[in-house]
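One letter stands for each residue in the lines below.
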Amino acid sequence: MATADARKCINTNVCGGKTEEDGVEMHGSDCESTSSFNSSDFSDDLEPEWLDDIQKNGELFYLELSEGEEEAALANANQGVATNHVRFSEKEAEILTEQNKKQRCASRTKGEPTLKRLARILRRKRRPSQRKPGAKDGGKENSALSSAPASILKNQPAQRQAVRVQQLKEVCVYLNPKRLAGPLCEGGGLLEALLGVVHRASWGRGLGDPPEVRQEDRLTVHGLIPNSPAIKCGQILIGDVLVAVDDVDVSSENIERVLSCIPGPTQVRLLLETLAQMDDGRAEDTSSVRKTKASPPVSQLVRLLWGEDTAELQMSIAHVPHIVMFLSLKLDSASPQEEEEILYQYPASEASGQLKGVRGIFLTLCDMLENVTGGRILSSSLLLGKQLVHVGYWKESNNLLVIGLPAERVPLLCLQTVVGDVVRTLKVMYGSLDRAFCQADHAPRLDHFFCLFFQLLIQPSRLRDGSSSAPPTDVSGTLFLDGLPAVRWLTLPPEIKMEVDTVLSDFESSDFGEMSEDFFGLRRLYAILGSCLFYKSYLIANHLPKEDLLDVCLYCQHYCLLPLASEQRVGQLVIWREVFPQQRASTNNPGYSQPQGRHFLLIVGLRHFMQCVLLEAGGCASAALGSPGPDCVYVDQVKATLLQLEVLQAGVEERLNAPPAPCLSCADWFLPAARDRLDSLASSSPVFSKLAGAVRGSSGGSRGRSLFGERARRSSPQRSQSDSGSEGQMDAGTSLAPGLSPHSTPDSGRKLGGRRDSLGSGGSEGSGGSGGLFKIPRMKHPNPFFLGTLKKTLTERETEEMYNTMKLTSGAENTLFHYVVMESVQGIFIAPTHREEAQLSGSIHPQLIRNFHHCCLSIRAAFQQSLPTRGRRAADRPQGWGLGPVKEHGVLFQCKPENWTDQRKPAPTMTYWVIGRMLLEPVPQEFYVCFHDSVAEVPVEMAFRLSFGLAL
Amino acid sequence: MMMLQHGSTQLLCLTASSGVPLFTRGASKQLPFSVIGSLNGVHMFGGGHGVVLSSCETEGGGKVVWRVFQDSMMLIVVSGGGQDGAGDSKEDEVRLQRLLENVWSCMVLVLGQDELTNVRNVERLKRDLRSCFSLIDQLLEDRQEGILGNLTHCADSLLPPNPTLLQDAVDGFAQAADSEFGCLIVHGRIAAATEKWWRLAPPEVVLLSALIRSLSASGSASCDYPVFLPQGSPTVAHRLLRFQLLPGADVCVLCGPTPSLHSAESGMVGRFWTPLVETLRDCLAVGEHSLPRSVSLRPDVLALLLINRETRRSVSCVRTSTNRPLGEPPLPSKARCWEILKLFYIFSTTRYFNQEETLCVSPEERAQRGNTDDFVLGFSHQPLHCYLVTEECKSYGLQTPQHQLFVLAPLSVPTFALRTVATQTLSDIVGATGF
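Residues numbered from 1 in each chain as written. Chains lettered and ligands numbered in written order. Predicted model: local features only at pLDDT ≥ 70, side-chain atom pairs only at ≥ 80, totals over all residues. Heavy atoms only, no water.

### Focus on the overall build of chain B
Each helix and strand counted, chain B has 16 helices and 16 strands in total. Relative to the compact-globule value of 22 Å for 435 residues, chain B shows a C-alpha radius of gyration of 22 Å, a close match. Taken over the C-alpha atoms alone, chain B extends approximately 60 × 60 × 40 Å along its principal axes. Relative to its full complement of 435 residues, chain B shows a buried share of 61%. Counting only carbon and sulfur atoms, one obtains 53% of the accessible surface of chain B, whose full area is about 15800 Å². (Helix = DSSP H or I, 4+ residues; strand = E, 2+ residues; numbered from the N terminus. Rg over C-alpha atoms; globule rule 2.2 N^0.38 Å. Buried < 20%, exposed > 50% of the residue type's maximum accessible area, 1.4 Å probe, protein only. Areas by Shrake-Rupley, 256 points an atom, 1.4 Å probe, with all protein chains shown as cover.)

### Some points on the sheet that holds strand β16 (residues 538–542) of chain A
Residue and element names in this part refer to chain A. Ordered by their spatial adjacency, six strands build an open sheet running β1-β17-β18-β19-β15-β16, and the pairing between neighbours is antiparallel. Each of the sheet's edge strands pairs with one partner strand only, and the pair in question is β1 (60–65) and β16. Strand-to-strand twist in this sheet, taken as the mean axis angle between neighbours without regard to direction, amounts to 15°. Relative to strand β19 (residues 609–617), strand β18 (residues 598–606) is paired through nine bridges, and the arrangement is antiparallel. Bridging from a neighbouring strand, glycine 605 pairs with methionine 610 of β19. Running over the sheet, helix α22 (residues 494–509) touches β15 (527–535), β16 and β19 and is turned about 150° from β15. Of the strands in this sheet, β15, β16 and β19 are in contact with helix α28 (residues 649–657), which crosses β15 at around 50°. (Pairing = 2+ DSSP bridges. Axes fitted to C-alpha atoms, helices over the stretch in contact; angles between N-to-C directions. Contact = heavy atoms within 4.5 Å.)

### Overview of the confidence of the model for chain A
Residue and element names in this part refer to chain A. For chain A, the average pLDDT comes to 66, and 54% of its residues sit at 70 or higher. Element-level mean pLDDT values for chain A span from 32 in helix α35 (residues 767–775) up to 91 in strand β13 (residues 399–406). Ignoring residues within four places in sequence, the model shows residues 1–45, a span with pLDDT below 50, making 56 contacts including any to other chains. Across residues 277–296, confidence stays below pLDDT 50; counting only partners more than four residues off in sequence or on other chains, it has 26 contacts. (pLDDT = per-residue confidence, 0-100.)

### A few points about the sheet that holds strand β13 (residues 313–318) of chain B
Pairing is mixed in the open sheet, where 12 strands are placed in the order β14(A)-β21(A)-β20(A)-β24(A)-β23(A)-β22(A)-β14(B)-β15(B)-β16(B)-β12(B)-β13(B)-β6(B). Of all strands in the sheet, those with a lone pairing partner are β14 (487–488) of chain A together with β6 (155–156) of chain B, marking the two edges. Pairing geometry for β6(B) and β13(B), over two bridges, is parallel. If you follow B:Ala155 over to β13(B), its bridge partner there is B:Arg313. In the packing of helix α16 (residues 418–433) of chain B onto the sheet, contacts are made with β22 (886–895) and β23 (910–919) of chain A together with β12 (303–308), β14 (382–390), β15 (394–399) and β16 (403–409) of chain B, and the angle to β16(B) comes to roughly 125°.

### Quick look at the interface of chain A and chain B
Residue-level contacts link 78 residues of chain A with 72 residues of chain B. Where chain A packs against chain B, one counts two salt bridges. Residue B:Arg419 is joined to A:Asp933 by a salt bridge in which the shortest nitrogen-to-oxygen separation is 2.5 Å. For the side of chain A that touches chain B, the element with the most residues is helix α39 (residues 844–866) of chain A, which contributes 12 residues. (Salt bridge = Lys/Arg side-chain N within 4 Å of Asp/Glu carboxyl O.)

### Observations regarding the environment of B:Thr433
Residues and elements named next belong to chain B. Position of threonine 433 relative to the elements: it lies in helix α16. The exposure class assigned to threonine 433 is partly exposed, which follows from its relative accessible area of 28%. Considering only alpha carbons, one finds threonine 433 and proline 163, 270 residues apart in sequence, at a separation of 9.4 Å. The contact partners of threonine 433, leaving out residues within four places of it in the chain, are Leu159, Pro292 and Val295. A polar atom in the side chain of threonine 433 sits 2.8 Å from the backbone oxygen of isoleucine 429. (Polar contact = N/O pair within 3.5 Å; in protein donor to acceptor, adjacent residues only side chain to side chain.)

### Side note on the state of the cysteines
All names here are of chain B. Inspection of the entire model under this criterion finds zero disulfides over all chains. With no disulfide of its own, cysteine 252 lies 4.2 Å from the sulfur of cysteine 183, the closest cysteine sulfur. By relative accessible area, which is 0% here, cysteine 252 ends up buried. Cysteine 255 takes part in no disulfide bond, and the closest cysteine sulfur to it belongs to cysteine 252, at a distance of 11 Å. A relative accessible area of 3% places cysteine 255 in the buried class. (Disulfide = S-S within 2.5 Å.)

Take a look at the structure:
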């Protein structure tokens, strides 16, 4: 790990600088055509940093966080202090010395706020120094010689200044008190057992250190215990002195106490003093780089992708029953060996051991039921203690893949999709299940694959911990959106889209530089079949056939590459591997047969952009021999393309920042709770109070005779009551406009009002809404059904203007909360962007979206039932009578604000529809919307409006 | 090659401890003994490893569901999928789970719990179990149109035109028979019952109705049948006295040793029911509509199922198609309507609405079948209504604190009007009958 980390760090620095240069160059020449990018610029001067990562079979997974991101990750990790990092401070340590263990536990549980506060203080102090890692290092060096910075090294013993040339280094190690490296012996204590550092106080004098240093107190590393965290991190050297643990100064007196405060697996930062001459053998500059960038804490996901640390994550879900097994159905009864039929199994926890123990059930059922009911087994449900586990099966030739998942994570409704996706991903990666599981050297890679798979399903929140602005995890959302046979698409303005497409096409033509066949007069290595481009997890251009796109996307989904790119975590990403696109593998169209070639997937990510390229060897390119690794020329060419595309980033960003089209409303606006907040806001601000007063003053107005009257009535409490009692009042529901909806989104408000100032404030609590609220009423279009008289006062032209902003729902106000449209033909889906969702913050809205996704799971399952299912299952599923094919399915939900404290009044309620509609004509589409109950919508109409607005 | 035909369902019963097959019902061709053995074997094997196997699904809608009752009896149901049950597997599983519960209750009802849990002589038990077959077959076939109680565990009811007269008569009759439990069954549905009858556990009420239906189908004018109440008194038998008043109308009481069947028949039936013959005829005329004519349903309601969640009673009807204008898509047949209504009920309750399981199912049984409601729990907000548009018709379901209503409407009704149709239907029926 040590060398790996060091290399990463070095790489970051070196290539960070390089790409920046290139970037500058790019900006200067962005108008020139692609062919001007000579790959030699990129490859000749330096050998690529990922070269060492290429594995024997030619595969490469190289991920490097951008420099800025690593710092951000560090800062974020600090923010996450309450959950998974433990920090110590002088204050905390004092408390601990005074109180006994029991109290300590108590203080920890209820003392979280204090911890948070402390963390905040610490963060504030640490921030500036982190921003300039280089300067920090220099400063530290000085500090060791002169005076210590008060924030980190409080109460620094004065004698330390006398130490010769010494440097401080920070080392992050992962500690798990539940798994001690060695037995607790009297001499070493936790220092040895937990950290793996051997310190013998009595040895101190023998080492010949100057006598003025009080050796008894200093924690000199006298030895390292094999396989301990200390030795694994590779940066703690014998002779180093442990100065602080997570900013708490330690000495031989308090080290045991400090270490004993670590409650669970966590990452701690050690501050060590090291002797400069220890670095003798190395060039001065590299050692300083190494010290500057001692591996910063990064999110668990990235660590997982780097292939570190899986044991800890695994342990944390060991109690949740989950398993994957690949079992052989053909048993050689002559030589019955123990567990012979298990070709592959993961993980090896206790709960999964129980499932492994009953593999006989799976084998028997698979064998028997096919004869009984005439169909292959799909799933079974079993109870493990109190936990319900769904087991999905996939039989292929003589082997059986069994995946067991807890029912609370994966409902039976979507188990098949999940299993199907895993199988398809494995097939894309390895060609077939047999090849994936039956080769011995695949086992560690499969372990990694399934570790990711289970982590994502069982504890997605933990993986994203370290990342910024982690939204509360939405398991149903992940299940639903990932389960769609489609990729999230971002519509771009035509001119940008065209440029992107041009750049991609130019790349794909591979008619330049070393990729051109003329260059060397040789056959090219690979033919580019197509590529697709992601920006911040959205697909923005695709030149791949649908099935290939889905294959590529499944791979990206599985390795979480898309969310990674969306958070600007990627400094550089290079992935290369052989793939087996499913459509191409099963060529059965008569007349035309695909060239029999081998396919390779190249994914290159730079900052927010990520391009996936599907290459073909054989066919018209030269055949591939053995397991070729990535070719620098191609990688660099993709990089060049991405750099060229970065020019367009501003345009894409603008699109992301643009007001959502169609407009969205936030669920919270429809609840009187939000109105209360508005009122309170009004009372605090004189301007608002005047406006709000106007609104409230007219609240007695009769049923919407005037525009303002209507507005006021909407915000009156009676309105909410009638809304909650919507039973039997269907028509009333239509007549009653929703609570605070009319302002639609703040952005549409901005558009209507012609002012820009409400933009950006949209995300803040209610104030954005109020910004819209107080601007729109002037321009608001009256409800055509019930304010017929008023309608006449508006000219046609004004009405037109009013509807310029794209609004999906009918009726006066925008009642649309959320939507998902899937185009089955192109394999893409469109949903509001994450940013749009974030802008509509609020307490209810995220809940509503979670609920929407959960409901969509059910709706889609209902649709699936009437469609021939994917792949091999299409043929032999008899068209069941059942409910028959479902075209449209809707559910009406009611929500109440959480923790409603007012005993006198019943909690206000808001009702909304989640409707799914499947269209087979003119093109197969599925579409899901969520809108407020006030307007009776005709979903087909919405569907058409939505799909025409997409402008694909 | 397959052993079970599409659409057929086979029920296997074995002793839980030793795996001795007790009986097999359903399906024309019995599964081979080896298959029965393995089906039981996998479950037992899992039990030994701390894993309880509960269900299994195959392509084409095939399903197997295992349940062990009282640690003594193993019931396995194998469904071949295909035309009949299929559609969504989830739906089918609920149906099969219900079937197993009902079969067990039915065995307890006839034989009593003691005989089933302390098996001394397997051969004798096998012989005794034959007396349940007619009832079990009725549950398995589930062919009787308009009876949804087996599925909903709500008593199928019929709302008579003049309920008070009948209510008084039932109360008086039961009192005279020295019993608190009495009920009047018309067309297989409960038209009136004493308060205590309604206090029985809902599955018991449903099962008793089923028993009475099968007894009355035998054509006898009266009978005296010992019954155990699966939840109320699983070990002590009561007597169920049934008298046919008119063809299609039966009155029953649950009583102790007295009165004798003869004395009750000669002494009381005439006294209480002769004056009410005309009322009973009116009641019979209501027929399968279950609703009195005073309730005017909107013309665009094809079928409906209304459940009172508090009293656990249900009313259901399918309307015979009135003449439709030409050019419109044909309406589903009556049988198909019942089928869709059932499937839609299962669809809605498994995914969105709560089933009132807390009332009638013991906690450990809940745990065993916890999988039926895991999806419902995933919603952060409360589902109120739901609808489905399929190729045959539109279905709309709604739930209020007191009622659940499921309505089928023809395709010609616009989707946005469904809600009005449903809410109006609910208020019409509740307003007119106080159901």
